[in-house]
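What follows is each chain in one-letter form.
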Amino acid sequence: MTFVITSSCCSDAGCVAVCPVNCIHPTPDEPGFGTSDILHIDPEACIDCGACADACPVNAIFPVDRLAHRDRVFIDINASYYRDNPQPSGWSEVVYPVIPKLPADLRVAIVGTGPSGGYALRTLLNRTEATVTVFDKLPTPGGLVRAGVAPDHPSTKDVMKTFDLLYRDPRVTMATNVEIGPEVNAGQITPAELAEHFDAVFYAVGASASRRLGIAGEDLPGSTSATELVAWYNAVPGAQGPRFVGGGSGRAVIVGTGNVALDVARILVSPPEALAATDIADRALALLRQQNVHEVIVLGRRGQADAAYTSAEYRALETIPGVEIVVYDGDDLPDLSGPASPDRRRIVFAFHAVPEAARGDDHLRSVRVRAGDQAREIASDLLVRAIGYRSTSIDGLPFDEANGRFPVRDGRIVGDGGTPLPGAYAVGWAARGSTGGIGANKVHAIATVEAFMNDVVEGLPRTTAAPEAFGELLARRQRRSLGYRGIAAIDRMERERGAQQGRPRVKFTEVGDMLAAAGRRRR
């Protein structure tokens, strides 16, 4: 009975460490780790011990005979990896890191609670004696795990259980509902103040801004970004939902072929009753029930071989009950100027298809597309751009506007002339751009913490502020910041609300409600 890794894989590689026969690849020291969509179990070498399943933080590994119908495609995905990428036999040589002697009173800050921030925190706790203060602008931690992972992929969110254990560590202070920026009158803490009170600051703020299409009509009501749409259905406070004010075509158009585009397509076309069992935001469930999208058109500027989605995500679409997958290439795309059929649900991939304009008077009615040599008009109630993401600048820190990320060298934030800012680091998408998944962010976070440790050995300037000074500053500046108790109270309340409806949780969508659940008075 072979075990199989499914699409929920986070590439944490905890399974690699416990496998007694080295049958899970790519390992962290092999090519492809961090860029491969999932890890893979060799069906010929697996001895069915189950150690990998026990170690998996996101519940992504199952025996073959326990796979759900939609996950059975991963039997071949795991096996085909070894047909296409023969692995050397025997264990890879283990290289243990050299851990230098560091001061015991280091003070470090981490801005952001997504995977890259979580892995930076874990590395700091494991390899140093530093005390760490963790910030998030929202009351709830999680970053992209809470705000970006699709509601119908709940096991992927289980990686937060690993980070939650870290938040309870006595050397960790949580400070959520705290934003880093220049507006001190609005309760923000500036980068200069962090630099004054901490020996090092790691910025793990992700890439939450979307790139634009640059076409006429892009700002019509009914046109939005995948970033905003995903945040809306994942209950992020302040996220604006789509305005379905078109002609009732029952169709949506998505521009882009990455995994996020496929997530959005899957959520839009899924029957609302199926989504009702997830932690999707109530506000999104109500609107999707009302609108009831039956057809999603996914536009790819290039061919299918150049699509950015992973093969695992694409093949998983084929197992969605009641949803047909259709693929067109260039001139093959038919006329879609009429409404979608209400008698079927389908996802239509249109490759070599470029959007030229969003059309409508006071709201979106159609999207004009150049498919091959032909022009097509696609009636649509919703246009979603999913063509890449960029970080948002923070006043007081260097920022690379052209590439949408913080300029770094070996994880160190650099200023004019490439000179590193002492004690300032960026990890994950904030430093690398929006490429690679959780595994790649883990590798980058570890390497950046190691760079910080080397800097300490080389004489990194230390803070001269008193240890209690920052806590006093935070109390004066932001009276509604939350520690771990408040975070845990919100989590408990959301789970209790979900249990009443037979759902994993019912998320709060307003900061005031979160603070009330945490025991802080609403203002």
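A short tour of the structure in this document, coming up. Keep in mind it's a predicted model, so treat the numbers as computed, not measured.

## What to know about unusual backbone geometry
Thinking step 1. A cis amide bond, omega -5°, links H25 with the succeeding residue P26.
Thinking step 2. If you check the backbone angles, H352 has positive phi at about 50° while not being a glycine.
Thinking step 3. Although it is not a glycine, D410 adopts a positive phi angle of roughly 55°.
Thinking step 4. When you line up the elements, D410 lands in the loop between strand 20 (408-409) and strand 21 (412-414).

## Quick notes on the nonpolar core
Thinking step 1. By size, the foremost hydrophobic cluster in this structure holds 60 residues, and its most contacted members are I24, I41, L121, F202 and F452.
Thinking step 2. Here this core takes six residues from helix 14 (residues 438-457), the largest share from any one element.
Thinking step 3. Non-local contacts of L121, meaning those with residues more than four positions away in its chain, are made with I110, V132, V134, L166, Y167 and V172.
Thinking step 4. Counting 44 residues, the second-largest nonpolar core is a separate cluster that includes I254, V269, V323 and A386.

## Here's the deal with the sheet that holds strand 7 (residues 172-176)
Thinking step 1. Pairing is mixed across the open sheet formed by seven strands, whose spatial order is 7-6-5-8-22-21-20. For this open sheet the edge positions go to strand 7 and strand 20, each flanked by a neighbour on one side alone.
Thinking step 2. Summarising the sheet, strand 8 (residues 200-203) and strand 22 (residues 420-426) pair through three bridges and their orientation is parallel. Bridge assignment links Y203 to a residue of strand 22, and that residue is A426.

## Some thoughts on the pairing of strand 11 (residues 251-255)
Thinking step 1. Along strand 11, five of the five residues are buried, which leaves the element largely enclosed by surrounding structure.
Thinking step 2. Neither face of strand 11 is open: one carries R251, V253 and V255, the other A252 and I254, and all of them are buried.
Thinking step 3. When strand 11 meets strand 12 (residues 295-300), the two strands line up parallel, connected through five bridges. The residue of strand 12 that forms the bridge with V255 is L299.
Thinking step 4. Relative to strand 18 (residues 382-385), strand 11 runs parallel, the two being bridged by four bridges. Paired with V255 across the strands is R385, a residue of strand 18.

## Focus on the pattern of salt bridges
Thinking step 1. What the rule picks out here adds up to 30 salt bridges.
Thinking step 2. Ionic pairing is found between E450 and R127, a salt bridge with its closest N-O pair at 2.5 Å. Pair noted here: E450 is in helix 14 and R127 is in helix 4 (residues 115-127), with a separation of 323 residues, a long-range link.
Thinking step 3. For E450, a relative accessible area of 29% corresponds to the partly exposed category.
Thinking step 4. One salt bridge connects R462 with D199, and the closest N-O pair in it is separated by 2.9 Å. Residue R462 is found in the loop between helix 14 and helix 15 (469-477), and its partner D199 is found in the loop between helix 7 (191-197) and strand 8; the two are separated by 263 residues along the sequence.

## Overview of the sheet that holds strand 16 (residues 366-371)
Thinking step 1. Here we have three strands laid out as an open sheet, ordered 15-16-17, and antiparallel in their pairing. Of all strands in the sheet, those with a lone pairing partner are strand 15 (353-359) and strand 17 (374-379), marking the two edges. Strand-to-strand twist of the sheet, defined as the mean angle between neighbouring strand axes without regard to direction, takes the value 25°.
Thinking step 2. In this structure, strand 16 lies alongside strand 17, joined through six bridges in antiparallel fashion. Looking at strand 17, one finds that A371 is bridged to Q374.

## What to know about the pairing of strand 6 (residues 131-136)
Thinking step 1. For strand 6, the buried fraction is high: five of the six residues fall into the buried class.
Thinking step 2. Pairing of strand 5 (residues 107-111) with strand 6 involves five bridges; the strand directions are parallel. Paired with R107 across the two strands is T131, which belongs to strand 6.
Thinking step 3. Regarding topology, helix 4 serves as the crossover connection from strand 5 to the parallel strand 6, and that connection is right-handed.

## Digging into the side chain of T448
Thinking step 1. Looking at the secondary structure, you find T448 in helix 14.
Thinking step 2. Within the local environment of T448, its side chain forms a polar contact with the backbone oxygen of H444, the two atoms lying 2.8 Å apart.

## Things to note about the packing of helix 8 (residues 226-233) against helix 11 (residues 282-291)
Thinking step 1. Interhelical geometry of helix 8 versus helix 11 gives an angle of 105° and a closest axis separation of 7 Å. Here helix 8 lies roughly perpendicular to helix 11, going by the angle between them. Note on element contacts: helix 11 touches helix 8 through R283, A284 and L287, opposite A231, W232 and Y233.
Thinking step 2. Each residue belonging to the contact of helix 8 with helix 11 can be placed in one class, and the counts come to five nonpolar, no polar and one charged.

## Focus on helix 6 (residues 159-167)
Thinking step 1. Turning to helix 6, its buried residues number three or more, namely V159, M160, F163, L166 and Y167. When helix 6 is viewed along its axis, its buried side chains cluster within an angular range of 105° and face the same direction. Among the exposed residues of helix 6, those pointing more than 90 degrees away from its buried face are K161 and L165.
Thinking step 2. Elements in contact with the buried residues of helix 6: helix 4, helix 5 (144-147), strand 7 and helix 16 (484-499).

## Thoughts on the packing of aromatic side chains
Thinking step 1. Scanning the entire structure with this criterion turns up 13 aromatic pairs.
Thinking step 2. Ring geometry for F198 against F470: centres 5.0 Å apart, planes inclined by 65°, an arrangement best described as edge-to-face. You can see F198 sitting in the loop between helix 7 and strand 8 and its partner F470 sitting in helix 15, a full 272 residues away along the chain.

## Concerning a negative patch on the surface
Thinking step 1. A cluster of like negative charges, contributed by D329, D331, D332 and D373, occupies part of the molecular surface.
Thinking step 2. Locating D331 in the fold gives a position in the loop between strand 13 (323-329) and strand 14 (345-351).

## Looking at the packing of helix 4 against helix 14
Thinking step 1. Where helix 4 meets helix 14, the closest approach of the two axes is 8 Å, and the angle between their N-to-C directions is 45°. Relative to helix 14, the element helix 4 is oriented oblique. Judged by the twist between their axes, the crossing of helix 4 over helix 14 is right-handed. Of the residues in helix 14, those in contact with P115, S116, Y119, A120, R122, T123, L124 and R127 of helix 4 are I438, N441, K442, A445, I446, V449, E450, F452 and M453.
Thinking step 2. Looking at the contact of helix 4 with helix 14 residue by residue, the class counts come to ten nonpolar, three polar and four charged.

## Remarks on the side chain of H197
Thinking step 1. Residue position: H197 is located in helix 7.
Thinking step 2. Excluding anything up to four places from it in sequence, H197 contacts R107, T463, A465, A469, F470 and L473.

What counts, and at which threshold
Residues numbered from 1 in each chain as written. Predicted model: local features only at pLDDT ≥ 70, side-chain atom pairs only at ≥ 80, totals over all residues. Heavy atoms only, no water. Helix = DSSP H or I, 4+ residues; strand = E, 2+ residues; numbered from the N terminus. Core = buried A, V, L, I, M, F, W, Y, C linked by side-chain atoms within 4.5 Å. Buried < 20%, exposed > 50% of the residue type's maximum accessible area, 1.4 Å probe, protein only. Contact = heavy atoms within 4.5 Å. Pairing = 2+ DSSP bridges. Salt bridge = Lys/Arg side-chain N within 4 Å of Asp/Glu carboxyl O. Axes fitted to C-alpha atoms, helices over the stretch in contact; angles between N-to-C directions. Right-handed = clockwise from strand over helix to strand, strands pointing away. Polar contact = N/O pair within 3.5 Å; in protein donor to acceptor, adjacent residues only side chain to side chain. Parallel < 35°, antiparallel > 145°, perpendicular 65-115°, else oblique. Nonpolar A, V, L, I, M, F, W, Y, C, P; charged D, E, K, R; others polar. Arc of directions from axis to C-beta. Phe/Tyr/Trp six-rings, centres within 6.5 Å; stacked < 30°, edge-to-face > 60°. Patch = residues over 30% accessible without salt bridge, like charges linked within 9 Å, V, L, I, M, F, W, Y side chains within 5 Å. Areas by Shrake-Rupley, 256 points an atom, 1.4 Å probe, with all protein chains shown as cover. Lys, Arg positive; Asp, Glu negative; His and termini not counted. Charge placed at Lys NZ, Arg CZ, Asp CG, Glu CD. Left-handed = near helix turned anticlockwise from the far one by under 90°.

None of this, on its own, says anything about what the molecule does.
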